[in-house]
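# Coordinates in review
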Amino acid sequence: MKNFTVIGGNASEDLAKKIAKKLDAKYLKSNLRIFPDGEGKITINGKPKKGKIIVVQATYPPVDSNLIQLFSLISKAKQYSSNVIAVIPYFGYARQDREFLQGEIITMKVLAKIFKGLGLSKIIIVDIHSKLAINHFKIKSKNVSAVPQLVKYFKKLRLNEPLVVSPDLGGSQRAKDFAKIYGTNFIALKKQRNKKTGKVLIKSSNLNEVKGKDLILVDDMISTGGSIIKAAQFLKKQKCKRVFVACTHALLMNNAEKKIRKAGVSQIISANTIPGNTALVDVSEIIAKAIV
Ligand code: R5P
């Protein structure tokens, strides 16, 4: 066994265990107790080994509670080791990477200061929302991509020359990478989001190239499902064949999965950065590789 200890936060227990196994590291579980007033008390089960400590905790909902637990686990780990790495498989708040409307706070900047203050050596994230978000960090950081693993899964479905589609221009590079690894073509739709209401509109005009084709919509995350629903409805109107969805982080808030299926999507496949029934793609190996 290596001189590594992996501490699994409450939000990422299964993934943390898998990472520990891949690293041949000691695994420590953490326990969370919620007091009646909503305060959480977090405890680690046992003592880490001497050497590097890896804290694994995603910050999906309840976002702030999972974030506080992450801070607490890092702080505890620092009592045992000067070399603490945080693996944040899904990084909630990454979309708050710039001031879209006057007066907004760039929460990524605030978090970057906290992580530096905690004395972390490195942060590893899977498919962070934007380069801008990761650039706020003042410590070593690495973004790993789940795209090759997602492609591997889709290859097993043996679709007939699928076309890869990004629901927006911002996701073009991701769709391009997916299509390149898969060995097929890609297109990107034009999406417009109302910054105040969050409502989504697809602005693309008629697309002949999707007619009769199986499509794979590729996105970094699904939150309310608004982007995927609007894209799927638009693509169905263009007389495409089936629509599949590949995304890294499936938050699927407010019954999004049901709504997405109702919009005509055949299957949603996501990574295990967020546990759930669509999380069929394991990213423990790519994370473990980024640690050593
Ligand atoms: C947007 O730029 C992102 O890549 C996602 O498309 C978006 O955050 C998904 O959110 P929702 O599911 O609420 O449309």
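What you see is a predicted model; the values in this text were computed from it and never measured.

All right, on to the overall build of the protein then. Tallying secondary structure elements over the protein gives nine helices and 15 strands in all. Dimensions of the protein, computed from the C-alpha atoms along their principal axes, are close to 60 × 45 × 35 Å. Taking all 292 residues of the protein together, the buried fraction comes to 51%. In the protein, of all internal contacts separated by at least 6 residues, the share reaching a separation of at least 24 is 62%. Here the protein displays about 14,500 Å² of accessible surface, and carbon together with sulfur accounts for 50% of that area. Charge-centre separation for the protein: the mean point of 52 positive side chains lies 2 Å from the mean point of 20 negative side chains.

As for its position among the elements, E209 is in the loop between β11 (200-202) and β12 (215-222). Take E209: its relative accessible area is 42%, and that puts it in the partly exposed class. Sequence spacing of E209 and L163 is 46 residues, and the spatial spacing of their C-alpha atoms is 8.7 Å. What E209 contacts, discounting residues up to four positions off in sequence, is L163 and I187.

Here we take up the site of the ligand. The ligand sits among 14 residues. The nearest are D219, D220, T224, G225 and S227. Here D220 contributes a side-chain N or O atom positioned 2.6 Å from an oxygen atom of the ligand. The side chain of S227 places a nitrogen or oxygen atom 2.6 Å from an oxygen atom of the ligand. When the free accessible area of the ligand is taken as 370 Å², the share hidden by the protein chains comes to 89%. Of all the secondary structure elements, the ones that give two or more residues to the shell around the ligand are β10 (191-193), β12 and α7 (226-237). Broken down by element, the shell around the ligand gets its largest block of residues, four residues, from β12. Of the residues that constitute the shell around the ligand, the class distribution is two nonpolar, six polar and six charged.

Turning our attention to helix α3 (residues 107-118). Helix length check: α3, at twelve residues, gives a terminal C-alpha distance of 17 Å against a target of 16 Å (1.5 Å per residue), a fit within 8%. Along α3, the residues that are buried comprise T107, M108, L111, A112 and F115. One side of α3 carries all its buried residues, which in axial view fall inside an arc of 140 degrees. In α3, the exposed positions that point more than 90 degrees away from the buried face belong to K113 and G117. Those residues of α3 hidden inside the fold are in contact with α2 (63-80), β5 (84-88), β6 (122-126) and α4 (131-135). Positive phi shows up at G119, right after α3, with a value of about 80 degrees.

Time to look at the pairing of β5. Along any regular strand the residues' side chains alternate between the sheet's two faces. With five of five residues buried, β5 lies mostly within the body of the structure. Every second residue of β5 is oriented toward a common face, with V84, A86 and I88 on one face and I85 and V87 on the other, all of them buried. Regarding the hand of the β-α-β motif, the stretch spanning β5, α3 and β6 is right-handed.

What follows deals with the sheet that holds strand β15 (residues 279-281). Spatial strand order, β9-β8-β12-β13-β14-β15: six strands in an open sheet with parallel pairing. Each edge of the open sheet is held by one strand with a lone partner, namely β9 (186-188) and β15. Strand after strand, the sheet turns through a mean of 35 degrees between neighbouring axes, direction not considered. Pairing analysis gives three bridges linking strand β8 (residues 163-166) to β9, with the strands arranged parallel. Residue V164 lies in a different strand from β9, and its bridge partner there is F186. Lying on the sheet, helix α5 (residues 147-156) is in contact with β12, β13 (243-250), β14 (265-271) and β15; it crosses β14 at an angle near 140 degrees.

For the pair α2 and α3, the least separation of the axes is 10 Å and the interaxial angle reads 20 degrees. Taken together, the axes of α2 and α3 are roughly parallel relative to one another. With respect to the hand of their crossing, α2 and α3 are arranged in right-handed fashion. Two secondary-structure elements touch here, α2 through L67, L70, F71, I74, S75 and K78 and α3 through L111, I114, F115 and L118. A per-class count over the contact of α2 with α3 returns eight nonpolar, one polar and one charged.

Analysis parameters
Residues numbered from 1 in each chain as written. Predicted model: local features only at pLDDT ≥ 70, side-chain atom pairs only at ≥ 80, totals over all residues. Heavy atoms only, no water. Helix = DSSP H or I, 4+ residues; strand = E, 2+ residues; numbered from the N terminus. Buried < 20%, exposed > 50% of the residue type's maximum accessible area, 1.4 Å probe, protein only. Contact = heavy atoms within 4.5 Å. Areas by Shrake-Rupley, 256 points an atom, 1.4 Å probe, with all protein chains shown as cover. Lys, Arg positive; Asp, Glu negative; His and termini not counted. Charge placed at Lys NZ, Arg CZ, Asp CG, Glu CD. Near = heavy atom within 4 Å. Polar contact = N/O pair within 3.5 Å; in protein donor to acceptor, adjacent residues only side chain to side chain. Nonpolar A, V, L, I, M, F, W, Y, C, P; charged D, E, K, R; others polar. Expected span 1.5 Å × (residues − 1). Arc of directions from axis to C-beta. Right-handed = clockwise from strand over helix to strand, strands pointing away. Pairing = 2+ DSSP bridges. Axes fitted to C-alpha atoms, helices over the stretch in contact; angles between N-to-C directions. Parallel < 35°, antiparallel > 145°, perpendicular 65-115°, else oblique. Left-handed = near helix turned anticlockwise from the far one by under 90°.

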